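For reference, the chains in residue letters:
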Amino acid sequence: MAHFEKAHSLEEWLDQRLAIKTLRRVLAEEYWIPKNINFLWAMGMVLAVTFGILVVSGIFLLCYYQPNIDLAFDSVNYTIMQEVEFGWLWRHMHAVAASVVFLIIYIHMFTGIYYGSYKKGREMIWISGMLLFVSFSAEAFSGYMLPWGQMSYWAGMVITNLFSLGSLELNGLVEWLRGDYVPGQAFLNRFFMLHVFLMPLIIMALIGLHFGALRIPHVNNQDGEEIDFEEEAKKYLAGNKKEAKVIRFANDFLSKDMFVVSIFLIFFFYLVFWHFDFAMDPINFDPADGLKTPPHIYPEWYFLWSYEILRPFPKDPGLIAFGFSQVIFFLLPFLDRSPNVAPANRRGLFAAWFWILLVDMIVLTVMGKVPPMGMFSTIGLVAAWVFIILWVALPFITKNEKAV
Amino acid sequence: MKELKILAVVVFFTLLTYWGVEPYAHSVMHKHIESKGFQYDDLKPLAKKGDAARGAQTFMNAGCIGCHGLKSQGMPAPMDPNAAVASFGVNPPDLSNAGAVFDAKFLANLIANPEHALMVEHKFSKAGRSFPMTAFYGLGGDKDQEVADIVAYLQSIAPKAEEVTPKMAFETACGRCHAVHYDKWTQIGERPKFKHKIDELKFEEKVVDYQDKLTKYLGKLPPDLSMYIRSRGEHYLKTFMEDPQELLPGTAMPRVGVSKESAEKVIEYLADVGDSKRAERDSVGKIVMIYLFIFAFLAYLWKQSIWKELH
Amino acid sequence: MADNSRRDFMGKVFGGWAALGGLGALYAAKKSWDPLPSVKAAGFTKVDLSSAEPNVLNVEKWRGKPVFILKKTPEIVAKQSKNETARDVVVGKDHFLVCIGLCTHLGCIPAYEANKEMFKCACHGAEYDVSAINTKAPAPLPMLIPPFRVDGTTLIIGEEGEQYKKMKAAGVLGKKPLNPKA
């Protein structure tokens, strides 16, 4: 058994038992972050805060929500929105955060792509991040079912139908997923379980993995410069803070993060109080009705680009294209054949690739929402092809890239 | 300054995406209609000035009370809602508040030619059915004058515009077809509190019976409006009330002919029911915003104090 | 060495046995997500057709949807087009229309007008003929024929029988537009 001496303060007492001083040093004070970064590096913290908002608001919603097809709609729209004190606030925060979290995820992803933060030892950061993206998608979709409005019901119907895999007609698989022939009580219950327990558990574990994956390769910087972290840390600790290329995670990096977070919160709460329709689709304020299809069925905005890759093609090729769009981002570190870790604007053709991809995905997003008619179908089809061609071309574009 | 440039790029693409999926996509999906101010320009203008006292006489002689109640004048409806719906398909409205809730020109046109004013010809005369309310053919005198008199009479007995509450406007204009269960409203009136299960079941039976008959009459049960303020929004509700056919061609919903003020009251009622915390949302929002601006300011000062040693 | 490989072997045996337990648990997990017996039982609707009256619409419920069943009179059958007849469920000498009673425009439930021998949707005015083939916009498709099997005079909705497979092969189920006059 270890030998314990009498402690003279609570801190010391805890330190003897939990090594909190070491923890603080390793996780915060001497966790080194490059100095040469901009506010885009704070998106990780913004995401952590948004996830925190989702968890806390979710807990309060959970206190009154009823996962029952006859009660769910009214428990949300009457009990929570009108009876519970500040219930409306939790609901609005939860719904808006669920939408905004994807905006930040996309900014975070495109930052990583732009600065090449997914290669030379950072592959697992990218892959764990993509796993988080997929888990957040599942979390968002399962949560969207819970108010049991028209969009919940019909989105549930349409998305679970995808699992019949086109001409394979695996209706048994669809019925297994739903636990019924149409979305019903079993369906609502299991999505409730996924949303409030299994998916959050997986997300929290993945967040741990994502943070852990950063530890060895360290955070990238604005110029993709390879920094000798130990050497620079020595400079910093010797008091040469101005010359050192690194800063402490806390409070140096944290103070900048918190400023960005504070700006984000102003934007976020503006949406919560005055501009929430984009995240709380009006159609979902009509109770679920299996006998009445809404005139337009579309997913939330953050799924639209992949939905539009599915839609303009015939059934089976559409599903294949959709599957392609779901996995291709995972492969980015391996499809980019260039050894350069540098901002896209210094990487020749890759810069064009980056901006075309970004614009193409926005075009897909918009076309995914408008009805698939005439011009819109054509634009959607072209944009879907551009997306596929971009990814197929990536290895060839990057292979002959000049070293920066 | 580099950071501001990056921010500008991020904001640009964010706004572009927002514009595409919200204002632009919705303008493609939904027909945009502007309200015409509840003028009902297609209807014949009220040419004559009515006389309320004469109108009372005409009202009685024309047989209106054969179907309509006038509770405020001590004349209840001749039938209860269930009996009325069985005979007519819909419960004829009590007219106590009609003069205040409905537009005068609309009322005059309704009396003279109900199907046309209500815009339900496609459901009745053109579909080989007859509309339950018979047109007023006149009592032998100047028909326009008689109609104007009836309208004047209804206006004279109605409460003043400022006395009409949002709920009264809703009940008179919408409440016989639409339930609002968040406010305990059913098509046959407010759901009472019950002491005995049997009374509750009896009431329930009446509601279902009424709804079944109404469904048969209209082809479809009109929706519960509890959350319509959020699912349809103010603009849609307003333009839909003014002219249902324009937004939903072929719909069974008649043009109800509310005045502009009453339409606003109906919308206020629906907002009170479906979005009751909107005022709180606004006031809490302001406080949170003030808090956050100070939060951001302090975060900025903290960051500056730390980073001045780093640069 | 011998010791090591034996330990290795025992480790693998233990691991294998544990994996077997895991498979068992997975099997149980899969089964517990299957539709419940009560749900499955409600997935098939049996209708006795022997007592059906001609030209009177009978509405049954199947998997949360209304199913129209209409016995056609010999006069109706006589004047039907080929496409219309191809959608008939034949039981003995009688012809029936069996379809999911939802308007293919926006899913409202159309009403049957017996005197005109047609369906009319109250929502947006779409019309269908007596075989539920759309005859007036905005309906884009005929009303869908659900899987069915005929057993004597009993119609089982939810199972694919001979006649259903024939209709499927002929492409008249309602998944693509049909000309009511051809």
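About the cut-offs
- Residues numbered from 1 in each chain as written.
- Chains lettered and ligands numbered in written order.
- Predicted model: local features only at pLDDT ≥ 70, side-chain atom pairs only at ≥ 80, totals over all residues.
- Helix = DSSP H or I, 4+ residues; strand = E, 2+ residues; numbered from the N terminus.
- Rg over C-alpha atoms; globule rule 2.2 N^0.38 Å.
- Contact = placed C-beta atoms within 7 Å.
- Pairing = 2+ DSSP bridges.
- Axes fitted to C-alpha atoms, helices over the stretch in contact; angles between N-to-C directions.
- Nonpolar A, V, L, I, M, F, W, Y, C, P; charged D, E, K, R; others polar.
- Buried ≥ 20, exposed ≤ 12 C-beta atoms within 10 Å, placed from the backbone.
- Parallel < 35°, antiparallel > 145°, perpendicular 65-115°, else oblique.
- Left-handed = near helix turned anticlockwise from the far one by under 90°.
- pLDDT = per-residue confidence, 0-100.
- Core = buried A, V, L, I, M, F, W, Y, C linked by C-beta atoms within 7 Å.
- Domains from an automatic or database assignment.

(A) Seen up close, the overall build of chain A. Counting its secondary structure elements, chain A contains 16 helices and 2 strands. Over its C-alpha atoms chain A spans a radius of gyration of 24 Å, differing by no more than 12% from the 22 Å that the globule rule assigns to 404 residues. If you take every contact in chain A between residues at least 6 apart in sequence, the share linking residues at least 24 apart comes to 75%.

(B) Up close: the sheet that holds strand 4 (residues 89-91) of chain C. All names here are of chain C. Spatially, the 4 strands line up as an open sheet ordered 2-3-5-4, and their pairing is antiparallel. Edge strands, defined here as strands with exactly one partner in the open sheet, are strand 2 (57-62) and strand 4. Across this sheet, the average inter-strand angle for adjacent strands is 30°, counted without regard to direction. The pairing of strand 2 with strand 3 (residues 65-71) spans 6 bridges and is antiparallel. The residue bridging Trp62 from the neighbouring strand is Lys65, located in strand 3.

(C) Expanded view of the interface of chain C and chain A. Each partner contributes residues to the interface: chain C has 14 residues there, and chain A has 12 residues. When the residues that make up the side of chain C that touches chain A are grouped by side-chain class, the tally is 8 nonpolar, 3 polar and 3 charged.

(D) Just the environment of Leu310 of chain A, in detail. All names here are of chain A. Mapping Leu310 onto the fold places it in helix 12 (residues 304-310). We classify Leu310 as partly exposed; it has 19 C-beta atoms within 10 Å. A C-alpha to C-alpha distance of 9.1 Å links Leu310 and Ser325, two positions 15 residues apart in sequence. Residue contacts for Leu310: discarding those within four places in its chain leaves Gly318, Leu319, Ala321 and Phe322.

(E) How the structure looks around unusual backbone geometry. Of note, the bond from Ala250 of chain A into Asn251 of chain A is cis; its omega dihedral lies within 30 degrees of zero at 5°. Of note, Asn251 of chain A is situated in helix 11 (residues 249-274). Positioned with a positive phi, Phe38 of chain B is a non-glycine residue whose angle comes to about 55°. Under the C-beta neighbour-count criterion, Phe38 of chain B is labelled buried, with 20 such atoms within 10 Å.

(F) Just the packing of helix 11 of chain A against helix 14 (residues 278-307) of chain B, in detail. In the contact formed by helix 11 of chain A and helix 14 of chain B, the axes pass within 9 Å of each other and the chain directions differ by 165°. With respect to each other, helix 11 of chain A and helix 14 of chain B are oriented roughly antiparallel. Taken as a pair, helix 11 of chain A and helix 14 of chain B cross one another with a handedness that is left-handed. Looking at the contact of helix 11 of chain A with helix 14 of chain B residue by residue, the class counts come to 19 nonpolar, 4 polar and 4 charged.

(G) Geometry of the sheet that holds strand 9 (residues 134-136) of chain C. Residues and elements named next belong to chain C. Within the open sheet, the 4 strands sit side by side as 6-7-8-9. Their pairing is antiparallel. Of all strands in the sheet, those with a lone pairing partner are strand 6 (111-113) and strand 9, marking the two edges. Here 3 bridges tie strand 6 to strand 7 (residues 118-120), and the two strands are oriented antiparallel to one another. Opposite Ala111, over in strand 7, you have Lys120 as the bridge partner.

(H) Highlighting the confidence of the model for chain C. Residues and elements named next belong to chain C. On average, residues of chain C score 89 in pLDDT, and 98% of them are at 70 or above. Considering each helix and strand of chain C separately, the mean pLDDT is smallest for strand 6, with a value of 87, and largest for strand 5 (residues 94-100), with 94. In the predicted assembly, ipTM is 0.95 and pTM is 0.90.

(I) The nonpolar core, seen in detail. Of all hydrophobic cores here, the largest spans 153 residues; its most connected members are Val46, Val101 and Leu364 of chain A together with Leu107 and Val266 of chain B. Counting residues per element, this core draws most heavily on helix 5 (residues 87-115) of chain A, which supplies 14 residues. Setting aside residues up to four positions removed in sequence, Val46 of chain A forms contacts with Ile104, Val260, Val261 and Phe264 of chain A. Ile69, Ala126, Val130 and Ala132 of chain C belong to the second-largest nonpolar core, a separate cluster that totals 35 residues.

(J) Focus on the pairing of strand 3 of chain C. All names here are of chain C. With respect to burial, strand 3 is a largely interior element, 5 of its 7 residues being buried. In this antiparallel pair of consecutive strands, strand 2 and strand 3, the connection spans 2 residues, and Arg63 shows a positive phi of 50°. Where strand 3 lies against strand 5, 5 bridges are found, and the strand directions are antiparallel. When the bridges of strand 5 are listed, Val67 appears paired with Ile100.

(K) Representation of the domain arrangement of chain A. Residue and element names in this part refer to chain A. Each assigned domain of chain A is listed with its residue range as follows: domain 1 (25-297) and domain 2 (304-404). On a C-alpha basis, the centres of domain 1 and domain 2 stand 23 Å from each other. Contacts between the two partners involve 21 residues from domain 1, matched on the other side by 16 residues from domain 2. Counting only elements with at least two residues in the side of domain 1 that touches domain 2, the list comes to helix 5 and helix 6 (123-145). Along the lines of polarity and charge, the residues of the side of domain 1 that touches domain 2 split into 10 nonpolar, 7 polar and 4 charged.

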